[in-house]
Amino acid sequence: MGEKIPMVEFKDVSKIYPKMKNPAVNHISFEIDKGDFCCLIGTSGSGKTTLMRMINRMNSVTKGEVLVNGKNVKSFNPVNLRRHIGYVIQNNGLMPHMTIRDNIILVPKLLKWPKEKLAGEAQKLIQMAELPESYLDRYPTELSGGQQQRIGVVRALAANQNLILMDEPFGALDPITRESLQNLVQNLQVRLGKTIVFVTHDMDEALKLATKVVVLHDGQLIQVGTPEEILHHPANDYVKSLIGEERLSEAKYETVKVKNVMTNPIKIDLGASLPDALTMMKEHRVDTLLVVDNSDHLKGYISIDDLQRNYSNASSVSDILITKLSTVGPDEYLRDNFSRIMSRNKSYIPVIDGDNKLVGIVTRASLVNVVYQKIWGDKGHTQNNTEKEAN
Ligand code: ADP
Ligand code: MG
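Nothing here was measured: the structure is a model prediction, and the numbers come from that model.

**Q** Quick one: what's the story with the site of ligand 1, residue by residue and with numbers?
**A** What surrounds ligand 1 is the set Tyr17, Met20, Ala24, Thr43, Ser44, Gly45, Ser46, Gly47, Lys48, Thr49 and Thr50. Backbone polar atom of Gly45 to an oxygen atom of ligand 1: 2.7 Å apart, as the coordinates give it. Within the complex, 60% of the 560 Å² of free accessible area of ligand 1 lies under protein. Broken down by class, the residue content of the shell around ligand 1 amounts to three nonpolar, seven polar and one charged.

Laid out in structure tokens, this is it:
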């Protein structure tokens, strides 16, 4: 009681086609929750379409159980089940001899919507698809492939069906049209609170759209996870190859933290004398020094200009201390602080831990190294690059 019932549940599901030696789907178990955008991904023949079509009984289940809303799909009338589950395929499924208007209201009509509701539906949908209203009276062939698919997608998402299956719906579209349709489907899914099962062989598409990624290979379930989990912890080389080298090195950069690139700070004690400070600046060829107390708590910094100006009347570092300075934490992501660090007129930013203790600095030079690695890869010379300080 009170337990959440998944929208779809695969329980040890296998599919063996007649005369086929190997199962097309082999002992697969996972759940799809309400509101999930679940992408099934794998190379051609991995079993994606077979698995998805078992949800609406377009394919039968050989072994195991497929549950929709907690009920075995076998307990539903298949025609009824299919009417209540949206289905979008590559060629949009628009009827060529019907106008766009008639195509749009086809399913609502089958579901016996009242007339008043049907009339407004076509208009609502064409607006959602971001197409002119005059297109309602056109035939599908009078629209481009991308426009036809917009209609197909919107039609499926706007219908009463809470669960929608999509089989490589954007596979035939050019990259720009595909991207605009991905945005459309993503916006509508969130806005309308639908659950989507989406087959693709394009990892970029899966990582962009999915809340849950399911990786298949030769009918086997290889990995289930969020896009972040898949990207940062691919289960094996097959998953890595689907992600691609470029993506992986980008992901590596994405997860670089401040502590991974910080170096030792040049610091001076709060009570040190000005001559000591001057000596230290000369020795290290720097024009500022970070100032700490005797427990390494960061107190501020001093600059060479202030030091020279006050050399005769100030006695210790604390007299010329500037306390205003921005800092970062060691576990913050570098990507979130990049512009902050690069845009400061200082050449570094101090790193402090939770107790305000100075633990390092991030210099512009170390950032430059990270950028280099991102652009040219890091094969063979990853470590210790950050030691070479330019200032
Ligand atoms: P995907 O969608 O990942 O490309 P499919 O689910 O279409 O993979 O196919 C999985 C495996 O099942 C493939 O080896 C394919 O040849 C086989 N298969 C698919 N449909 C049938 C069928 N109707 N009869 C026999 N074998 C099939
Ligand atoms: Mg397929």
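Once the structure has been displayed, the description carries forward.
**Q** Outline the nonpolar core, supporting the account with residue identities and numerical values.
**A** Within the largest apolar cluster, 50 residues are counted, with the highest numbers of intra-cluster contacts made by Val153, Met166 and Val185. The biggest single contributor to this core is helix α6 (residues 145–158), with six residues. Among all residues touching Val185, those that are not within four sequence positions of it are Phe37, Val153, Leu157, Met166, Phe170, Ile196 and Leu209. Residues Val13, Val68, Ile85 and Leu163 belong to the second largest nonpolar core, which totals 26 residues.

**Q** Kindly report on the domain arrangement of the protein, identifying the contributing residues and their values.
**A** For the protein, the assigned domains are domain 1 (8–249) and domain 2 (258–367). Measuring from the centre of the C-alpha atoms in domain 1 to the corresponding centre in domain 2 gives 54 Å.

**Q** I'd love a proper account of the packing of helix α5 (residues 115–128) against α6, names of residues and values included.
**A** The geometry of α5 relative to α6 is characterised by a closest axis approach of 9 Å and an angle of 125° between their N-to-C directions. Accordingly, the angle class assigned to the pair α5 and α6 is oblique. Note on packing geometry: the crossing formed by α5 with α6 is right-handed. Listed contacts from α6 to Glu121, Leu125, Ile126 and Met128 of α5 are Ile151, Val154, Arg155 and Ala158. In the contact of α5 with α6, the residues fall into six nonpolar, no polar and two charged.

Conventions we followed
Residues numbered from 1 in each chain as written. Chains lettered and ligands numbered in written order. Predicted model: local features only at pLDDT ≥ 70, side-chain atom pairs only at ≥ 80, totals over all residues. Heavy atoms only, no water. Near = heavy atom within 4 Å. Polar contact = N/O pair within 3.5 Å; in protein donor to acceptor, adjacent residues only side chain to side chain. Areas by Shrake-Rupley, 256 points an atom, 1.4 Å probe, with all protein chains shown as cover. Nonpolar A, V, L, I, M, F, W, Y, C, P; charged D, E, K, R; others polar. Core = buried A, V, L, I, M, F, W, Y, C linked by side-chain atoms within 4.5 Å. Buried < 20%, exposed > 50% of the residue type's maximum accessible area, 1.4 Å probe, protein only. Helix = DSSP H or I, 4+ residues; strand = E, 2+ residues; numbered from the N terminus. Contact = heavy atoms within 4.5 Å. Domains from an automatic or database assignment. Axes fitted to C-alpha atoms, helices over the stretch in contact; angles between N-to-C directions. Parallel < 35°, antiparallel > 145°, perpendicular 65-115°, else oblique. Left-handed = near helix turned anticlockwise from the far one by under 90°.

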